[in-house]
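Each chain, letter by letter, is given below.
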Amino acid sequence: MKEQYDFDAIVVGSGITGGWAAKELTQAGLKTLVLEAGGPIDPAKDYVEHVQPYEVPFRNWGDDRRLLKKERPIQTDCGPCDEIGHKFFVNDIENPYTHADGAPFSWFRGRQVGGRSITWGRQVYRWSDLDFEANAKDGHGNDWPIRYKDIAPWYSHVEKFIGVSGAREGLSQLPDGEFLAPMPMTAVERTARERILKGFNGERLMTIGRAAILTEDHNGRAACHYCGPCDRGCITHSYFSSIASTLPAANATGNLTLRPHSVAAELTYDAKRGRIRGVRLIDANTFKETEYKARVVFLCASAIESVRLLLNSKSAHFPEGLGNSSGTLGRYVMDHHYGSGASGTMSGFNDRTTFGRRPNGIYIARFRNVSTQHSGFLRGYGMQGGSSRRDWHRGTTMPGYGADFKKSLLELGSWSLGVAGWGETLPHADNRVTIDPTVKDKWGVPAARMDVRWRENERAMQSDMVTSAAEMLDAAGCTEIKLQPVDHPPGHCIHEMGGARMSIKPTEGVLNASNQAWDVQNLFITDGACMASSACQNPSITYMALTARACDHAVSQMKRNEL
Amino acid sequence: MPTTTNIDRRAAIQTLLRGGLALSLMPGFAEAAWAAVAAGGDRPIPRALNSDQTKMIAFIADVVLPRSDTPGAIDAGVPSWIDLVVAEYFSATRRAGFLADLAAIDASAKSTSGGLMKVTASLDAACGSKDLTPAQRGYVQLKELIVYGYFTSKPVQQDLLKVVIVPGRFDGDVLIKPAGTA
């Protein structure tokens, strides 16, 4: 008997990749249900980017008692989860997870329509074959089943739609994209770029950050108005979020059904047909359980959530988690280790300042292990940073008092220039997500348990980040250079990825070259879980491109009745 | 110019007359605080700080950021904001630690010739240092609150810093013209 479906497709998650899956599938004519665990967002009411510090009781310092101790003891370790913007981060008490002893893990989450696309950093950098070939060349992790040529058209597809501002630089390790006009660099940054290029024989290039923020009107969205805090929303939809672009495009087709407050608890499996039957969800408000059936399911819930869902979807056929015949599900979890670098003072520009608040910084393309082999570690890192004139904040920690002190703080201070690294993490089988044997979330869904650790290669790279940063600041002409090593726990960069990696062979991973589960043909996973390595670039645009590419594959198979 | 009077006038007078802050020792930049006190006004609902603590904070706030040709910390309502932070932002543990450190400042002032003014000047040198005494720790945190509270207040943000909420553009290289040039 022919299976009856509620929808052609179900997409779990409404964030960066869920929005893209919704757009691509609905535009291909598929009746698509998007499930979102959190509630709806109304930009007109919920976005708070123009709220000023004096409009909230604690002037945006946070709130020790309510946010830190009661509701969001973990989330508040993420900068944007502050007094003004905390609404876009989960309640940690309702959404617990655990970690192994001695392996702290930061998991910053947003459960709302739009997911973390509301709060993300908006930095978008293409990968190159330096990245896709890395596992094969040095033997860490498995070989990627794709190369740059396979994803390049999809990068373009995504960039043209979302709008990416940036400068073309012609670097092999950081391919150019379909860029809108770049945001301006400051006078200090322009000078630093030239001096660093000269000081390192052209090997180290500082460019303006490539950002999914519009510098001109684009696809019905307005250019940035440079108010600054994008992570609190954008009423003019000037940065990419699923709410601003992909979900409206999906909705315009008439094929989208969006169901907020829907906690996906299990992917149901039809053993006779060897397919996913659908998704069992729990209504977040009523706790009522419902199952929706579909021909194809896209997991876009974020790397750890998607892996958690698969591990919680056990059956007689998949006793170790759905789609886990390879035994790799939950393994090879990565994040970027980041933040180590240096800052300094740039003299000679005190007659210069800026106007507006640029929601973007500078980027120094990877220079380690690009053309020559570094002796201390494998892979590499990019660096991010920026310059600004010091403002009144300096007065909170410096000596001084009285009328002259106050007057000095009302004037611009010296120029600061800082850079910090974002480093590649090697894939290790023992860096993993499992299911906690006892802890469950508010809805009774077993919680994730993390065991992810930085290892020797990451430590060596972090040390080099500090040294390199100081060298470049020195070359740029900075004085008073301060070394700034940091040691954030894994997860803190919010670039968590891996756990259901793509592979050439079914024995090596969970997904094939099209993000399709080797074990279950009608299941696609296109969020960060699919990654076989981390590279050092901010990963979201790669997730978006892989999602669009996987949707194209799924639709093609469905048209041929192969799915 | 906005004026906010956060100090209970009668209580302030009593404190001053108790000798902790003799009027004769009041420096010029504390006159602004006194002017605010003298101007009267309602004291906010007491929160975490008692009267003595409030007056000590107000005194230090006025030393750090006095009224000049621009508003001072008292004008900007900084002591009242600090009271709110201590009462409703700080956890119980943090609040207890902060109040204990304030007590150390007070003890130091009472045992030092020159009182709180001299102690404030001494403690200020500890800003940016490590391995602080309780009094230094209390002052450093208090000063951070004073400066932060002042510069994030509405009158300072709007009238002095002239913050443009929606700039509409970003210019990465603006030449600052010397005063008096076109």
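In this text, all values refer to a predicted model and were calculated from it rather than measured experimentally.

Analysis parameters
Residues numbered from 1 in each chain as written. Chains lettered and ligands numbered in written order. Predicted model: local features only at pLDDT ≥ 70, side-chain atom pairs only at ≥ 80, totals over all residues. Helix = DSSP H or I, 4+ residues; strand = E, 2+ residues; numbered from the N terminus. Contact = placed C-beta atoms within 7 Å. Buried ≥ 20, exposed ≤ 12 C-beta atoms within 10 Å, placed from the backbone. Core = buried A, V, L, I, M, F, W, Y, C linked by C-beta atoms within 7 Å. Domains from an automatic or database assignment. Nonpolar A, V, L, I, M, F, W, Y, C, P; charged D, E, K, R; others polar. Pairing = 2+ DSSP bridges. Expected span 1.5 Å × (residues − 1). pLDDT = per-residue confidence, 0-100.

Peer 1: I keep staring at the overall build of chain A and nothing clicks. Help me out?
Peer 2: Scanning chain A for helices and strands turns up 12 helices and 19 strands. Taken along its principal axes, the extent of the C-alpha atoms in chain A is 85 × 55 × 50 Å. Restricting to contacts in chain A with at least 6 residues of sequence separation, those with at least 24 account for 73%.

Peer 1: Quick question: what am I supposed to make of the environment of Cys493(A) here?
Peer 2: All names here are of chain A. Locating Cys493 in the fold gives a position in the loop between strand S18 (478-484) and strand S19 (523-525). Residue Cys493 is classed as buried on the basis of its 23 C-beta neighbours within 10 Å. Setting aside chain neighbours within four positions, we find Cys493 in contact with Asp335, His336, Tyr338 and His488.

Peer 1: Got a minute to help me understand the nonpolar core in this structure?
Peer 2: Nonpolar side chains tend toward joint burial in soluble globular proteins. Counting 154 residues, the largest nonpolar core has Ile10(A), Val12(A), Ala264(A), Val297(A) and Phe298(A) as its most contacted members. At 10 residues, the largest contribution of residues to this core is made by helix H12 (residues 540-559) of chain A. Counting contributing residues per domain, this core is built from domain 1 (1-53 + 85-163 + 241-330 + 429-451 + 497-563) and domain 2 (169-239 + 337-423 + 454-489) of chain A, each supplying no fewer than three. Those residues in contact with Ile10(A), other than ones at most four positions away along the chain, are Leu33(A), Leu35(A), Gly278(A), Val279(A), Tyr292(A), Ala294(A) and Val297(A). Ranked by size, the runner-up nonpolar core spans 42 residues in total, among them Ile82(B), Ala135(B), Ile146(B) and Val147(B).

Peer 1: Would you take a moment to explain the domain arrangement of chain A for this structure?
Peer 2: One widely used convention gives an interface's size as the accessible area the parts lose upon coming together. Residue and element names in this part refer to chain A. You can read the domains of chain A as domain 1 (1-53 + 85-163 + 241-330 + 429-451 + 497-563) and domain 2 (169-239 + 337-423 + 454-489). Centre-to-centre, using C-alpha coordinates, domain 1 lies 31 Å away from domain 2. Those elements that place two or more of their residues in the side of domain 1 that touches domain 2 are helix H2 (43-46), helix H5 (134-138), helix H6 (148-162) and helix H8 (242-251). It is H6 that provides the largest number of residues to the side of domain 1 that touches domain 2, a total of 6 residues. Tallied by class, the residues present in the side of domain 1 that touches domain 2 amount to 15 nonpolar, 12 polar and 7 charged.

Peer 1: What exactly am I supposed to notice about the interface of chain A and chain B here?
Peer 2: Taken together, the contacts link 39 residues of chain A with 40 residues of chain B. The set of elements that each furnish at least two residues to the side of chain A that touches chain B consists of helix H3 (64-71), strand S12 (352-355) and helix H10 (403-409) of chain A. Among the elements that line the side of chain A that touches chain B, the one with the most residues is S12(A), at 4 residues. For the side of chain A that touches chain B, the per-class residue count stands at 18 nonpolar, 11 polar and 10 charged. Alignment of S12(A) against strand S1 (residues 171-175) of chain B, held across 3 bridges, turns out to be antiparallel. Across the sheet, Phe355(A) pairs through a bridge with Asp171(B), a residue of S1(B).

Peer 1: Where do I start with helix H11 (residues 456-476) of chain A in this structure?
Peer 2: In an α-helix, one full turn covers 3.6 residues, which means residues spaced three or four apart are oriented alike. All names here are of chain A. Taking 1.5 Å per residue, 21 residues should reach 30 Å; H11 reaches 30 Å between its end C-alpha atoms and fits that length. Taken residue by residue, H11 has Asn457, Glu458, Met461, Gln462, Met465, Ser468, Ala469, Ala470, Met472, Leu473 and Ala476 as its buried positions. Looking at the packing, one finds that the buried side of H11 touches helix H7 (187-199), strand S11 (337-346), strand S14 (381-389), strand S15 (415-423) and S18. Directly beyond the C-terminal end of H11, a positive phi value near 105° is found at Gly477.

Peer 1: Before we go on, may I ask you to explain the confidence of the model for chain B in this structure?
Peer 2: Atomic detail in the predicted coordinates should be set aside for any region of low pLDDT. All names here are of chain B. Summing up the model confidence of chain B, the mean pLDDT is 79 and the portion of residues at 70 or higher is 73%. Predicted confidence for residues 1-44 stays below pLDDT 50, and this span has 75 contacts to residues more than four positions away or in other chains. The ipTM, which scores confidence in the relative placement of chains, is 0.93 for this predicted complex, and the corresponding pTM is 0.92.

Peer 1: Which parts of the structure should I look at to understand the environment of Gln4(A)?
Peer 2: Residues and elements named next belong to chain A. In this fold, Gln4 is placed in the segment before strand S1 (7-12). Given 6 C-beta atoms within 10 Å, Gln4 falls into the exposed group. Put simply, Gln4 and Ile525 are 521 residues apart on the chain and 23 Å apart in space, counted from C-alpha to C-alpha.

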